[in-house]
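# Inside the fold
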Amino acid sequence: FSFNLGQPLGNRQHRAPIYFAALCLLVGARLSVTSEGILYRAGIVDWHEGTFIEYFAFYLAVPTFMLFLRSLYPNETHRMVVRLCIVVGVLGALLVIVLPVFYYARTLLVFQAWAGIIILYFAVTIARAVINRRPEAAGMMLGGLVLGATTINDMLFAMRAAETIYVVPGGLFFFFFSQAFVLSR
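What counts and what doesn't
- Residues numbered from 1 in each chain as written.
- Predicted model: local features only at pLDDT ≥ 70, side-chain atom pairs only at ≥ 80, totals over all residues.
- Heavy atoms only, no water.
- Helix = DSSP H or I, 4+ residues; strand = E, 2+ residues; numbered from the N terminus.
- Rg over C-alpha atoms; globule rule 2.2 N^0.38 Å.
- Buried < 20%, exposed > 50% of the residue type's maximum accessible area, 1.4 Å probe, protein only.
- Contact = heavy atoms within 4.5 Å.
- Areas by Shrake-Rupley, 256 points an atom, 1.4 Å probe, with all protein chains shown as cover.
- Lys, Arg positive; Asp, Glu negative; His and termini not counted.
- Charge placed at Lys NZ, Arg CZ, Asp CG, Glu CD.
- Axes fitted to C-alpha atoms, helices over the stretch in contact; angles between N-to-C directions.
- Parallel < 35°, antiparallel > 145°, perpendicular 65-115°, else oblique.
- Left-handed = near helix turned anticlockwise from the far one by under 90°.
- Nonpolar A, V, L, I, M, F, W, Y, C, P; charged D, E, K, R; others polar.

### Quick notes on the overall build of the chain
Across its full length, the chain carries 9 helices and 0 strands. Helices and strands in the chain line up, N terminus first, as α-α-α-α-α-α-α-α-α. Scaling as 2.2 N^0.38, a compact globule of 185 residues should have a C-alpha radius of gyration of about 16 Å, and the chain matches this with 16 Å. Dimensions along the principal axes, computed over C-alpha positions, put the chain at roughly 45 × 35 × 30 Å. Counting across all 185 residues of the chain, residues that qualify as buried make up 41%. Sequence separation of at least 24 residues holds for 64% of the intrachain contacts in the chain that already meet a minimum separation of 6. On the chain, roughly 10500 Å² of surface is accessible, and the fraction owed to carbon and sulfur atoms is 68%. Looking at charge distribution, the chain has the averaged site of its 13 positive side-chain charges lying 17 Å from that of its 8 negative ones.

Next comes the structure, spelled out in structure tokens:
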């Protein structure tokens with residue numbers, strides 16, 4: 001992790017490790033407060049603080065992921081889509097900062113739909129990268145498909161639209177492991 005965080009500081013051309021490290025931090029923060037997260041069990045955060053962390057991290061993780069994708073495959077990602085993703089994510093995070101939980105919690109369904117669109121965009125982008133024979137795109141595709149499937153499962157579970165269990169931590173582990181491998185090459 002510290003390697004991924006420190007490696008690009010002197011390299012403006014290759015930002016993928018810094019975006020990947022930021023994504024790991026955001027996802028780790030969110031996982032630490034979702035369901036029976038460790039911060040709840042340890043009594044470090046209460047419900048309001050945990051909900052703030054959960055939403056804030058989710059809303060910023062989507063544009064961070066898009067920046068990571070763009071840094072790896074700039075020819076396959078459209079700059080305007082990346083900018084739109086950043087605007088939507090930052091706007092969501094700002095709503096979490098300025099509004100009470102009662103109001104910003106109502107934005108989740110809309111943002112989950114937005115995240116679903118981004119997952120589809122990711123799939124198309126990676127498919128283009130594989131077709132264009134970009135380095136390590138197949139590994140990115142495999143990790144992304146597992147993460148995308150587990151994310152969609154968890155969104156459906158949270159909406160009570162599917163009777164499953166939360167599986168995104170396993171999908172994240174698989175994705176992060178595959179991306180660490182991609183970045184190490």
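### Overview of the packing of helix H8 (residues 137-158) against helix H9 (residues 168-184)
The description of two helices packed together rests on the angle between their axes and the distance between the axes. Relative orientation of the contacting elements H8 and H9 amounts to 165°, with a least axis distance of 8 Å. The angle between H8 and H9 places the two elements in the roughly antiparallel class. The two elements H8 and H9 cross, and the hand of that crossing is left-handed. In this structure, H8 uses Gly 139, Met 140, Leu 142, Gly 143, Gly 144, Val 146, Leu 147, Thr 150, Thr 151 and Asp 154 to contact H9, whose residues at the interface are Val 168, Pro 169, Gly 171, Leu 172, Phe 174, Phe 175, Ser 178, Gln 179 and Val 182. A class-by-class count of the residues in the contact of H8 with H9 yields 10 nonpolar, 8 polar and 1 charged.

### Things to note about the environment of Ala 61
With respect to the helices and strands, Ala 61 occurs in helix H4 (residues 47-72). Residues Ala 61 and Ile 86, 25 residues apart in the sequence, show an inter-C-alpha distance of 9.9 Å. Residues contacting Ala 61, with those up to four places away along its chain left out, are Leu 23 and Leu 26.

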